[in-house]
Amino acid sequence: MADQSVEITEGCRLPVLRKNQENEDEWPLAEILSVKDISGKKLYYVHYIDFNKRLDEWVTPDRLDIKKLQFPKKEAKTPMKNGLPGSRPSSPERDVKKSLDLHVQSASATSRGKTLPTLKRKADSVSLATQVTAATPVTSLPGSVDASQASVYPAMRDSSFSIKSRDEHEPLTSLTTNGTSSIQRHLIPPQPGRKRKSCGGTDEDSQDSSDGIPSAPRMTGSLVSDRSHDDIVTRMKNIDCIELGRHRLKPWYFSPYPQELTSLPILYLCEFCLKYLKSLKCLQRHLTKCNLRHPPGNEIYRKGTISFFEIDGRKNKAYSQNLCLLAKCFLDHKTLYYDTDPFLFYVMTEYDSKGFHIVGYFSKEKESTEDYNVACILTLPPYQRRGYGKLLIEFSYELSKVEGKTGTPEKPLSDLGLLSYRSYWSQTILEILMDLKSENGERPQITINEISEITSVKKEDVISTLQYLNLINYYKGQYILTLSEDIVEGHERAMQKRHLRIDPKCLHFTPKDWSKRGKW
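Residues numbered from 1 in each chain as written. Predicted model: local features only at pLDDT ≥ 70, side-chain atom pairs only at ≥ 80, totals over all residues. Heavy atoms only, no water.

A. View of the environment of Phe 395. Its place among the elements puts Phe 395 in helix H5 (residues 388–403). Residue class for Phe 395 comes out buried when judged on its relative accessible area of 0%. Spatially, the C-alpha atom of Phe 395 lies 8.9 Å from that of Arg 501, the residues being 106 residues apart in sequence. Residue contacts for Phe 395: discarding those within four places in its chain leaves Ile 300, Tyr 301, Phe 308, Tyr 346, Phe 362, Ile 502 and Leu 507. (Helix = DSSP H or I, 4+ residues; strand = E, 2+ residues; numbered from the N terminus. Buried < 20%, exposed > 50% of the residue type's maximum accessible area, 1.4 Å probe, protein only. Contact = heavy atoms within 4.5 Å.)

Next up, the structure:
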């Protein structure tokens, strides 16, 4: 539908034809990021507005609706963050977004009582909406409620027991401030002969990832992308295809592989050492010399065909850097740094007769001042939607249990990462609440702190998950947790599908005291 008489330039916006998940045609609004000419035919690299960047693609002119073309605003200069003029034309709303970002950063710096440091690792102010925090703003709890207890009631559909909605009372910011408030569970026996109705399950992909209150971005930590340095190059995918073992992967995002490799139709990777090579012949020659059949480092877990290897970013620098390059193809919220010394990498593999094949990994800081037990986490696309993501998350918390700490993932989380963590937290907490037993006819009690200690999930994540599941209600001067049949049945179905679990008996891990710098 493109009219060749109209010149479409970078920054223009217009509807572009694409297929949705139901394989139906749709025309979402898209922005032109780049234009190239191949053999006299123009191709346009488009970003679909309000869609994830992994859907960006090159399109042909016939997929453009030129009738609704929006030209970018013309300005003499495009101001940059450092005050220098830029040559790129500004697209609609670009200046508004920049001013909002600067406002958020300046406000957070004021609240912390210090100016923004110019560190190379900074928080992502653009993706604040994906941060996992308490889902409801809260005023302080009434004094009479501070010492009261919260109860857990499995609500029955035909029960006459009434629970007031949380909306009728004060909004909740946190259940406890000192961990003294408790949760009680009153078991209502099921009626004889009564069958439970089937209800919609809690599918991981159906969860809303837009809730949560954005908190101020932190200025320290690992591998957090500073989006202020985004430019036209890093916004575009630069690798067409990666061959890793028996899989061919289509990257989702930009990754800073050497420039001379970006023009290749396929980038070849050794699946054991992750070294990148420019041709199949080079890969075959490399495989005759590469002695690795598993990731370097110590194997600290093995059950069946699943193994975990612990890799020190200082001792195995080349492997760690290659792993980061590969991971950046599928992680948009993190940025790559070649200083891997402060990090540990835990690589999950699947074993067969040819060796240990990488499935996914997570990294963590050797020393985290903010209790982060995960910096980056990724399941490679061929292994997604098979339970490996939750297995990685569960393993990270098992390590925290051995260390005697509570942990939380580094923010911001990607959309898929948030879905996985939400699902894991929900299943883990519901598992504990449903296992509570009544003693002497009294309602069993459990505190938020006890849930946190049992699971090693940070208290703030426990509270935000309870709020996310809408379990918290206010009844007769106390906060109670109501487990509906829908939640119970959905949880039971989800647990039946969850076949992969971490067995703590198979974990051989001794935590190190990284505060002693000599161990680095």
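B. Quick peek at the UniProt feature "active site" (unreviewed entry) in the protein. UniProt's entry tags Glu 410 with the feature "active site" (unreviewed entry), counted in the numbering of this structure. Looking at where Glu 410 falls in the secondary structure, it is placed in the loop between strand E21 (408–409) and helix H6 (415–435). (UniProt positions renumbered as here; feature names shortened; annotations may be inferred.)

C. Main features of the pattern of salt bridges. Under the counting rule described, the total for this entry stands at 18 salt bridges. Of the charged contacts, one joins Glu 26 and Arg 18 as a salt bridge, the two residues approaching to 2.6 Å between their closest N and O atoms. For Glu 394, the salt bridge is made with Arg 501, and the minimal N-O distance between the two is 3.4 Å. Taken together, the residues span a long stretch of sequence, with Glu 394 in helix H5 and Arg 501 in the segment after helix H9 (485–497) at a distance of 107 residues. What you see here is one network of salt bridges that share partners, running through Glu 394, Glu 431, Arg 498 and Arg 501. (Salt bridge = Lys/Arg side-chain N within 4 Å of Asp/Glu carboxyl O.)

D. Layout of the packing of H6 against H9. Contact geometry for H6 and H9: axes closest at 11 Å, N-to-C directions at 115°. Of the possible angle classes, the one that applies to H6 and H9 is roughly perpendicular. Crossing of H6 over H9 shows left-handed handedness. Residues Gln 427, Leu 430, Glu 431 and Met 434 of H6 touch H9, and the partners they reach there are Ile 487, Val 488, His 491, Glu 492, Ala 494 and Met 495. (Axes fitted to C-alpha atoms, helices over the stretch in contact; angles between N-to-C directions. Parallel < 35°, antiparallel > 145°, perpendicular 65-115°, else oblique. Left-handed = near helix turned anticlockwise from the far one by under 90°.)

E. Quick peek at the sheet that holds strand E13 (residues 267–269). An order of E12-E11-E13-E14 is seen for the four strands of this open sheet, with the pairing classed as mixed. Each edge of the open sheet carries a strand with a single partner, namely strand E12 (247–249) and strand E14 (276–277). As defined by bridge partners, strand E11 (residues 242–244) adjoins E13 across three bridges and the pair is classed as parallel. If you follow Ile 242 over to E13, its bridge partner there is Leu 267. (Pairing = 2+ DSSP bridges.)

F. Up close: helix H4 (residues 317–328). The end-to-end C-alpha distance of H4, which contains twelve residues, comes to 16 Å, matching closely the 16 Å that a straight helix rising 1.5 Å per residue would cover. Inspection of H4 places Tyr 319, Ser 320, Gln 321, Asn 322, Leu 323, Cys 324, Leu 325, Leu 326, Ala 327 and Lys 328 among the buried residues, and these make up the whole buried set. (Expected span 1.5 Å × (residues − 1).)

G. Representation of the sheet that holds strand E15 (residues 298–303). If you walk across this open sheet you meet the five strands as E15-E16-E17-E18-E20, and the pairing is antiparallel. Both outer strands of the open sheet, E15 and strand E20 (376–379), are each paired with one neighbouring strand and no more. Taking each pair of neighbouring strands and ignoring which way they run, the sheet shows an average axis angle of 20°. Pairing geometry for strand E18 (residues 355–365) and E20, over four bridges, is antiparallel.

H. Here's a closer look at the environment of Thr 406. Here Thr 406 is to be found in the loop between H5 and E21. Since its relative accessible area comes to 26%, Thr 406 is described here as partly exposed. Remark: the alpha-carbon pair of Thr 406 and Ser 452, spanning 46 residues in sequence, is separated by 7.0 Å. Ignoring any residue separated from it by four or fewer positions in sequence, one finds Thr 406 in contact with Asp 371, Ser 452, Ser 456, Val 457 and Lys 458.

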